[in-house]
Amino acid sequence: MTITLYGIPNCDTMKKARKWLEAQGVDYQFHDYRKDGVDATLVSEFCQALGWENVLNKRGTTFRQLTQAQKDSLNGDTAITLLVEQPAMIKRPVLRVNGELHLGFKAEQYAALFS
């Protein structure tokens, strides 16, 4: 089973997800957006599978710092460009299990995935 967890290490939700995976003995790769990078291909895949509106984190500081014009012009294409430039705006974590993508962390959701 191939498992990749995408995100940034200092995010609280990421810490919870990593702690849960480690406590369950799940072997996974961690893809750090800041160290390992993010490209349009990866972000497009996330947006295609999960919907760009779901992938874009509107609750974070990075999103709130956008101009109103940037927020008003958001669509599938502009969102991908923005998420590549500002990976902190990608909702976290994104979990890939055997090629299938899952968004966010809830212990029950992960328990169902790995049962």
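Data block above holds the structure.
Residues numbered from 1 in each chain as written. Predicted model: local features only at pLDDT ≥ 70, side-chain atom pairs only at ≥ 80, totals over all residues. Heavy atoms only, no water.

Undergrad: Mind showing me how you'd approach the pairing of strand β2 (residues 29-32) here?
TA: Along any regular strand, the residues point their side chains to alternate faces of the sheet. As defined by bridge partners, strand β1 (residues 3-7) adjoins β2 across 4 bridges and the pair is classed as parallel. Each residue of the ladder has a partner; that of L5, found in β2, is F30. For the segment spanning β1, helix α1 (residues 12-23) and β2, crossover handedness is right-handed. (Pairing = 2+ DSSP bridges. Helix = DSSP H or I, 4+ residues; strand = E, 2+ residues; numbered from the N terminus. Right-handed = clockwise from strand over helix to strand, strands pointing away.)

Undergrad: What is the right way to look at the packing of aromatic side chains in this model?
TA: Two measures describe an aromatic ring pair: the distance that separates the ring centres and the angle between the ring planes. A complete count under the given rule lists 5 aromatic pairs for this structure. Seen in terms of ring centroids, W20 and F114 are 6.0 Å apart; in terms of plane orientation they differ by 35°. Their pairing is tilted. Taken together, the positions of W20 in helix α1 and F114 in the segment after α8 (107-113) put the pair 94 residues apart, joining distant regions of the chain. Seen in terms of ring centroids, F105 and Y110 are 4.7 Å apart; in terms of plane orientation they differ by 85°. Their pairing is edge-to-face. Judged by relative accessible area, F105 falls into the buried class, the value being 17%. The buried category is assigned to Y110, whose relative accessible area is 0%. In this structure, R18 packs its charged tip against the face of F30, placed 4.0 Å from the ring centre. (Phe/Tyr/Trp six-rings, centres within 6.5 Å; stacked < 30°, edge-to-face > 60°. Buried < 20%, exposed > 50% of the residue type's maximum accessible area, 1.4 Å probe, protein only. Lys NZ or Arg CZ within 6 Å of the ring centre and 35° of its normal.)

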